[in-house]
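Given next are the chains, with one letter for each unit.
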Amino acid sequence: MRDIRLAMRAGGGFGLGLSFFLIVVVLVPFGVGPQSALLSKIAPGILWLGALLACLLSLDRIFALDWEDGSLDLLATSPLPMEGIVSVKALAHWLTTGLPLVLVAPVLGVLLNLPEAGFLWLTLSLALGTPALSVIGTFGAALTVGLKRGGLLLSLLVLPLYVPTLIFGAEMARRGAEGFDITTPLLLLAGITCGTIALLPFASAAVLRVNLR
Amino acid sequence: MSLNSLWEYANPKKFIQTTDRVLPWVAWSAALTLVVGLVWGFFFTPDDYRQGSTVKIIYLHVPAALMAINAWMMMLVTSLVWIVRRHHVSALAARAAAPVGMIMTVIALLTGAIWGQPMWGTWWAWDPRLTSFLILFLFYLGYIALWEAIENDDTAADLTSILCLVGSVFALLSRYAVNFWNQGLHQGASLSLDKEENVADVFWYPLLVAMAGFVLLFIALVLMRTRTEIRARRMRALLARERMGA
């Protein structure tokens, strides 16, 4: 399974999500104006939204290449359980997309004038939440793997599923930035992440089996 | 004629035969109860002392909202039946119910907005209920889009039913998340007057009739659409066979 991860890393698209994240964050002040009070108020939400969209952008790559050259069929006939394959795919997506996003988020927070108290909680909430985004996204990618115009449909399917994660993640970052208690959203976000990691690979694997039939 | 179990209706032929007889009754009683409920509600109930005549939109709003949620529940059940027992009628019924449910969601949102404009002074507020209905609408949209996108019928049925199951879990999660989110924004804003609480009997009975009418209407529409799907599929099969023969 290590070589899949290496292949994903070498396969390009690594910096694409990051650049997208950067551009979204840079564009926001142009859209809403440069008042730093306003920016620091909406910074946690913007950073979360940007991370979510950047995640979405790279989802169709999870299975598309392997589907085209047939290695997905090979993986499916290998003795590995499909659930394992799906989980590792999600992990690879997180390592190549989610983790870099988490790491650059504080830097972009400076651009948006994020309050000092918020940096730790923003980073922590993204670190907790992005694995859920990857796992949910893998489910969406598995649903649309064989389709010609899958990209748009993928966004339509995955975005509603992202709602709870986004709410709790952004809420946690916002409360952290404003100095409130963050225990509740922290626990709920962690719950969502653990729950999706534990259960959703089964759904993704089932869907992938149907698509490979 | 004795029926041993519900599953006999899973036979498409049997389903068509039975609904042939049942459908006119359902459709006509739906029309009747709807007319009675709406006319009673619109013309023969007093105006509310606080809300004036705007209160009467409740006879469209509440039943539509009820059916919007119940249509998804029905899709959930039929999807489960498809996954477990692989009856085609079940999958087709889920497919038939989705657009109806989506329209009900739209009706509920629109009538809510029309009522909210004079009452709350705004067309839209990010109230938990409103927001979760908007999210429900998005789920319907994704579900229908997935059905449309996949050519193979069985694959589409499989994928959409799994999406329906996963979606249900996430829709519930979103419901509670949205509750939490709005409380976090403005503490306990009492924007939504709780409707059930202060409905007097004068309003309650016509509302009941209107709700029954919407339920019947939904059943009639779903039966009709399911029959259309079955026949369309049979026709495709016949055409394919003809092409093979020629």
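Residues numbered from 1 in each chain as written. Chains lettered and ligands numbered in written order. Predicted model: local features only at pLDDT ≥ 70, side-chain atom pairs only at ≥ 80, totals over all residues.

As annotated in an unreviewed UniProt entry, chain B carries the name Heme exporter protein C and is attributed to Roseovarius tolerans. Heading Sequence similarities (unreviewed entry) of the UniProt record for chain B holds this comment: "Belongs to the CcmC/CycZ/HelC family." (UniProt positions renumbered as here; feature names shortened; annotations may be inferred.)

By the naming in an unreviewed UniProt entry, chain A is Heme exporter protein B, taken from Roseovarius tolerans. UniProt's Function (unreviewed entry) comment on chain A is quoted here verbatim: "Required for the export of heme to the periplasm for the biogenesis of c-type cytochromes." UniProt's Sequence similarities (unreviewed entry) comment on chain A is quoted here verbatim: "Belongs to the CcmB/CycW/HelB family."

*Asks:* Explain the overall build of chain B to me, using residue names and the numbers behind them.
*Replies:* Secondary structure assignment for chain B yields six helices and zero strands. Helices (α) and strands (β) of chain B occur, in sequence order from the N terminus, as α-α-α-α-α-α. Partitioning the intrachain contacts of chain B with sequence separation of at least 6 by distance along the chain shows that 79% fall at a separation of at least 24. (Helix = DSSP H or I, 4+ residues; strand = E, 2+ residues; numbered from the N terminus. Contact = placed C-beta atoms within 7 Å.)

*Asks:* Run through the interface of chain B and chain A, naming residues and quoting values.
*Replies:* With 22 residues of chain B in contact, the opposing surface of chain A contributes 17 residues. Mapped onto the side of chain B that touches chain A, the elements with two or more residues apiece are helix 4 (128-149) and helix 5 (153-185) of chain B. Counted by class, the side of chain B that touches chain A contains 17 nonpolar, four polar and one charged residues. (Nonpolar A, V, L, I, M, F, W, Y, C, P; charged D, E, K, R; others polar.)

*Asks:* So, unusual backbone geometry: which residues are in play, and what are the values?
*Replies:* Note: most peptide bonds trans; most residues except glycine with negative phi. Residues other than glycine seldom take positive phi values, yet B:R86 does so here, at roughly 55°. Within the secondary structure, B:R86 sits in the loop between helix 2 (58-85) and helix 3 (88-120).

*Asks:* Which residues make up the UniProt feature "transmembrane region" (unreviewed entry) in chain A, and what values go with them?
*Replies:* Under the local residue numbering, the UniProt record ascribes the feature "transmembrane region" (unreviewed entry) to residues 12-32, 38-59, 91-112, 118-145, 152-170 and 182-208 of chain A. Helix makes up 100% of residues 152-170 of chain A and strand 0%, and the two end C-alpha atoms of the span are 25 Å apart.

*Asks:* How would you summarise the packing of helix 6 (residues 82-111) of chain A against helix 9 (residues 183-212) of chain A if you had to cite specific residues and measurements?
*Replies:* Residues and elements named next belong to chain A. Where helix 6 contacts helix 9, the two axes come as close as 8 Å, and the packing angle between them is 110°. Taken together, the axes of helix 6 and helix 9 lie roughly perpendicular to each other. Note that helix 6 runs across helix 9; the crossing there is right-handed. Contacts from M82, E83, V86 and S87 of helix 6 reach helix 9 at P201, F202, S204, A205, L208 and R209. Along the lines of polarity and charge, the residues of the contact of helix 6 with helix 9 split into six nonpolar, two polar and two charged. (Axes fitted to C-alpha atoms, helices over the stretch in contact; angles between N-to-C directions. Parallel < 35°, antiparallel > 145°, perpendicular 65-115°, else oblique. Left-handed = near helix turned anticlockwise from the far one by under 90°.)

*Asks:* If you had to explain the UniProt feature "transmembrane region" (unreviewed entry) in chain B to someone new, which residues and values would you point to?
*Replies:* All names here are of chain B. According to UniProt, the feature "transmembrane region" (unreviewed entry) maps to residues 22-45, 57-84, 96-118, 130-150, 162-182 and 202-224 in the numbering used here. Secondary structure content for residues 22-45 is 92% helix and 0% strand, while the C-alpha to C-alpha distance between its ends is 33 Å. Across residues 96-118, the secondary structure splits into 100% helix and 0% strand, with the terminal C-alpha atoms separated by 36 Å.

*Asks:* Any details on the packing of helix 6 of chain A against helix 7 (residues 118-143) of chain A? Residues and values, ideally.
*Replies:* Angle between the axes and distance between the axes are the two parameters that describe a pair of packed helices. Residue and element names in this part refer to chain A. It is the contact of helix 6 with helix 7, at a shortest axis distance of 8 Å, that shows an interaxial angle of 150°. The angle between helix 6 and helix 7 falls in the class roughly antiparallel. Like other packed secondary-structure pairs, helix 6 and helix 7 cross with a definite hand, here right-handed. Partitioned by chemical class, the residues of the contact of helix 6 with helix 7 number 15 nonpolar, nine polar and one charged.

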